[in-house]
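Now for the letters of each chain:
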Amino acid sequence: MSLVSTPTPITPTPPATLTVVPARHPGRWIASAVVLVLAAQFAHGLATNPGWDWPTFTGYFFERSVLRALAVTLELTLAGAVLGFLGGVLLAAMRMSRSPILQALSWTYVWVFRSVPLIVQLLFWANLGYLYDTLQIGVPFGPGFHELSTARLVGPFGAALLGLALHEAAYAGEIVRAGLLSVDQGQLEAAAALGIPRPRQFRRIVLPQAMRAILPSAANELINLLKSTSVVYVLAIGELFYQVQVVYGRNGRVVPLLMVATVWYVLLTALLSILQFYVERRFARGALRTLPPTPVQRLRTALSRGAAR
Amino acid sequence: MTAMVEIRDVHKSFGAHEVLHGVDLTVPGGSVTVVLGPSGSGKSTLLRAINHLEKVDRGTITVDGELIGYRRVGDRLNELGERHILRQRARIGFVFQSFNLFPHLTALDNVAEAPVATGRRGRADARAYARTLLGRVGLADRADAYPRQLSGGQQQRVAIARALALDPALILFDEPTSALDPELVGEVLDVLRALAAAGTTMIVVTHEIGFAREVADTVVFLDAGRIVEQGPPEQVLDHPRHERTKAFLSKVLT
Ligand SMILES: Nc1ncnc2c1ncn2[C@@H]1O[C@H](COP(=O)(O)OP(=O)(O)O)[C@@H](O)[C@H]1O
Ligand SMILES: [Mg+2]
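Since the model is a prediction, treat every value here as computed from it, not as a measurement.

When two helices pack together, their arrangement is given by the angle between the helix axes and by the axis-to-axis distance. Residues and elements named next belong to chain A. Packing of helix H8 (residues 156–181) against helix H10 (residues 198–228) leaves a shortest axis separation of 8 Å and a crossing angle of 140°. Between H8 and H10, the interaxial angle falls into the category oblique. Crossing geometry of H8 relative to H10 is assigned as right-handed. Between H8 and H10, the contacting residues are Leu 164, Glu 168, Tyr 171, Ile 175, Val 176, Gly 179 and Leu 180 on the first element and Phe 202, Val 206, Leu 207, Ala 210, Ala 213, Ile 214, Ser 217, Ala 218, Glu 221, Leu 225 and Ser 228 on the second. A class-by-class count of the residues in the contact of H8 with H10 yields 13 nonpolar, 3 polar and 2 charged.

Next comes the structure, spelled out in structure tokens:
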């Protein structure tokens, strides 16, 4: 038997006579048509059902008190995120330190602050003055130097921010820790072998690599926080959700005002998602052989290709 | 020649498992020592003990006359603080089997990182020097590439340039070519040859017998945590005296 197979002779056809016919997908067409009809129906309902009351919606969307409330929401989100993630880095560092006491402390913090519902925690902070009338700066268990009224130091906004930040820190701590764990042990060994000082190892070698794993969860958490700020309405703080309640309490137009808040939340989330894309792209340098194009770049190539045709 | 590395009666255990059973070794300055031995014999552990990535349980290691990891007070050895150890490590280059380049930094920044981090050079100076070193390993044109955009052989050459950036008195190589495709081994060994010719003190763990024969001043055969045999390559490689060396060589050479 011969191991060399003779090639099957191909009937010589001139290539020009062959046409490529793409496979047909009738199921895909039917499904698309059904979905389009449903979407059209929904859009029609939005436009024609008077219950949505679009004039009221547009009247309030850019209204002064709504915009001011929006600013408070943004303030709470940003400050909560910054403080929360600073706390998170600290908690993760403690948890991964070699001191069993710091480890236990970090673990306990995360346990407690993940257990208590945010709304309950917020009410606790708002009532801090009931537990501790004044706060003192001084030697632990010793004499104090300076006394402050709790109510003056921690107003409703302070209580809200404190609650959000402490709650956020517990989650951020776990997110940061997951990121740090994802960095290969060999990276630390290489850094140690080069004699790079510890703080710089963390800042320059470990953290930038951990960011790849941290960012998607962190963005999730930030968007979550944006919406969690609506919970602080229980402390009567004029953020977005509280403000639209005030307005519909006055004029009774519940649905359009809820839509005002909803659309703002949706827009802000879109903004954060776009931000997330670009930040993730920045930290992907070196991790991918070539970076994927941005949507803008993709659009530009599509347009120039269309123009060339 | 004065001794660059002196290892005296070094013992090391992981838990109950003793990996190094009293190793003695002297490496003269400017010489090349190749360490051979079967997998698991403790070669990596010995190398990592020299720059204190592993703490030894007993015995002493000195590099260029300086006791590594400890300060001698009377007849006690007090362990040095982290910062002091990091400063000692900066004088000892280490090249890993798996390269361990920093993936988020370009080749140039990988090489320039340590001199800046240790305050040895300013940023611009370190980058200029890094360019020179990348030129020495034949990668002047890939300075701006990220590690993942380089082949294995190129990555290992960047890692060697990185180890050279602190002008170390000694460089340790832990199987520098074992993770490479066969056709890429040569380019890395060429760099090692050039370093040897320039008089760099090196300890190289490798299975490349040809390289050992050609470049080594001393070949050391380690087996089960003990140095079984050492001497010039023609003696250890061609006329091994111990059964275990013979058995190992016959396996590696076929
Ligand atoms: N961190 C560690 N913990 C426990 N055992 C280890 C550790 N590192 C190495 N060993 C063990 O020590 C022995 C020697 O390892 P190693 O020095 O890496 O050998 P070689 O480099 O010669 O292959 C092996 O049995 C290995 O399993
Ligand atoms: Mg090894």
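So that's the structure; there's more coming.
What follows deals with the UniProt feature "domain: ABC transporter" (unreviewed entry) in chain B. As annotated by UniProt and renumbered to match this structure, "domain: ABC transporter" (unreviewed entry) occupies residues 5–249 of chain B. The straight-line gap between the two end C-alpha atoms of residues 5–249 of chain B is 26 Å; of that span, 37% is helix and 28% is strand.

Right, let's get into the interface of chain B and chain A. On the side of chain A, 23 residues touch chain B, which itself brings 29 residues to the contact. Interface of chain B and chain A: buried area, both sides summed, is about 2300 Å²; carbon and sulfur atoms make up 54% of it. One can count 4 salt bridges joining chain B with chain A. Here B:Glu82 makes a salt bridge to A:Arg198, at a shortest N to O gap of 3.2 Å. Taken together, the links from chain B to chain A amount to 8 residue pairs in polar contact (both at pLDDT 80 or more).

All names here are of chain A. Its boundaries defined by the atoms lining it, the largest pocket holds a volume of some 1000 Å³. Along its surface, the largest pocket is lined by 25 residues, and Arg 98, Gln 185, Leu 188, Arg 198 and Gln 201 are the ones closest to its centre. Residues that form the lining of the largest pocket fall into these classes: 12 nonpolar, 4 polar and 9 charged. Empty space within the second largest pocket amounts to approximately 500 Å³. Along its surface, the second largest pocket is lined by 19 residues, and Ala 81, Phe 85, Leu 215, Ala 218 and Leu 222 are the ones closest to its centre. Going through the elements one at a time, helix H3 (64–95), H10 and helix H12 (254–283) are the ones with two or more residues in the lining of the second largest pocket. By residue number, the principal contributor to the lining of the second largest pocket is H10, which donates 8 residues. Of the residues in the lining of the second largest pocket, the class split is 18 nonpolar, 1 polar and no charged.

Let's shift gears to the side chain of A:Gln243. Residues and elements named next belong to chain A. Within the fold, Gln 243 resides in helix H11 (residues 240–251). Gln 243 gets classed as buried once you look at its relative accessible area, which sits at 15%. A polar contact is formed between the side chain of Gln 243 and the side chain of Ser 65, at a distance of 3.3 Å. In this structure Gln 243 touches Ser 65, Val 66 and Ala 69, once residues within four positions along its chain are discounted.

We now examine the pattern of salt bridges. In a structure, side chains of opposite charge can pair up when their charged atoms sit close to one another. Enumeration according to the criterion identifies 24 salt bridges over all chains in this entry. One salt bridge connects A:Arg200 with B:Glu113, and the closest N-O pair in it is separated by 2.8 Å. Here the residue A:Arg200 occupies a position in helix H10, and B:Glu113 occupies one in helix H3 (residues 107–117), the pair thus bridging two chains. For A:Arg200, a relative accessible area of 16% translates into the label buried. When its relative accessible area of 1% is taken as the criterion, B:Glu113 is described as buried.

Let us now look at the sheet that holds strand S4 (residues 58–63) of chain B. Residue and element names in this part refer to chain B. Taken together, 4 strands build an open sheet; the order of strands is S2-S1-S4-S5 and the sheet is antiparallel. Each having just a single partner strand, strand S2 (17–28) and strand S5 (66–67) make up the two edges of the open sheet. As judged from the 5 bridges shared by strand S1 (residues 3–14) and S4, these two strands associate in the antiparallel manner. Following the sheet pairing, Arg 8 is matched in S4 by Thr 60.

Bringing the environment of B:Ala117 into the picture now. Summarising the element assignment, B:Ala117 is placed in helix H3. Not counting the four nearest positions on each side in its chain, B:Ala117 is found in contact with A:Ile196, A:Pro197 and A:Arg200.

Residue and element names in this part refer to chain B. Close to ligand 1 lie Phe 14, His 17, Val 19, Pro 38, Ser 39, Gly 40, Ser 41, Gly 42, Lys 43, Ser 44 and Thr 45. When isolated, ligand 1 has an accessible area of 560 Å², and the protein chains bury 58% of it. Taken together, the elements giving at least two residues each to the shell around ligand 1 come down to S2 and helix H1 (43–50). With 3 residues, the top contributor of residues to the shell around ligand 1 is H1.

A few words now on the pairing of strand S8 (residues 92–95) of chain B. Consecutive side chains of a regular strand alternate in pointing toward one face of the sheet and then the other. Residue and element names in this part refer to chain B. Because side chains alternate across S8, one face comprises the buried residues Ile 92 and Phe 94, and the other comprises Gly 93 and Val 95, equally buried. In this sheet, strand S9 (residues 170–174) lies alongside S8 in parallel orientation, the contact comprising 4 bridges. Considered in S9, the bridge of Ile 92 is made with Leu 170.

Reading guide: rules and limits
- For every chain, the first residue of its written sequence is number 1, and the numbers climb from 1 along that sequence.
- Whichever chain is written first becomes A and whichever ligand is written first becomes 1, with later ones labelled in order.
- It should be noted that, the model being predicted, local features are given only for residues of pLDDT at least 70 and side-chain atom pairs only at 80 or more, the latter also being counted only at that level, while totals for whole chains, interfaces and linings use all residues.
- Derived side-chain values reflect all non-hydrogen atoms in the structure, with water molecules and hydrogen atoms excluded from consideration.
- Under this scheme, a helix contributes an axis fitted over its contacting stretch, all axes are lines through C-alpha atoms, and angles between N-to-C directions fall in the 0 to 180 degree range.
- Each helix is a run of DSSP H or I of at least 4 residues and each strand a run of E of at least 2, with the numbering of both proceeding from the N terminus.
- These descriptions rest on fixed angle ranges, namely under 35 degrees for roughly parallel, over 145 for roughly antiparallel, 65 to 115 for roughly perpendicular, and the rest for oblique.
- In this scheme the crossing of two helices becomes right-handed for a clockwise turn of the near helix relative to the far one and left-handed for an anticlockwise turn of less than a right angle.
- The contact rule is simple, with two residues in contact once any of their heavy atoms fall within 4.5 Å.
- Residues are grouped as follows: Ala, Val, Leu, Ile, Met, Phe, Trp, Tyr, Cys and Pro are nonpolar; Asp, Glu, Lys and Arg are charged; every other residue, Gly included, is polar.
- UniProt positions are given in the numbering used here, feature names are shortened, and annotations may be inferred rather than shown by experiment.
- Defined here as a combined quantity, buried area equals the accessible surface (1.4 Å probe) lost by two parts on assembly, summed across both.
- When a carboxyl oxygen of Asp or Glu lies within 4 Å of a side-chain nitrogen of Lys or Arg, that pair is called a salt bridge.
- N or O atoms within 3.5 Å of each other form a polar contact, as long as, within protein, one can give a hydrogen and the other can take it, and as long as residues adjacent in sequence are counted only when both atoms are side-chain atoms.
- Here a cavity denotes a set of grid points, spaced 1 Å apart and computed over the protein atoms alone, in which a 1.4 Å probe fits but from which it cannot get out, and a pocket denotes an open set meeting protein on both sides within 12 Å along at least five of seven lines; residues with an atom within 4 Å of a point are reported as lining.
- Grid points are joined across faces, edges and corners, and a volume is the space filled by probe spheres set on the points.
- Residue burial is assigned from relative accessible area. The probe radius is 1.4 Å, only protein chains are included, and a residue is buried under 20% of its type maximum, exposed over 50%, and partly exposed in between.
- Paired strands, in this sense, are two strands between which DSSP finds at least two bridges.
- By convention in this text, a residue qualifies as near a molecule or strand provided that one of its non-hydrogen atoms is within 4 Å of it.
- Every accessible area reported is derived by Shrake-Rupley at a probe size of 1.4 Å, with residue values counting cover from the shown protein chains alone.

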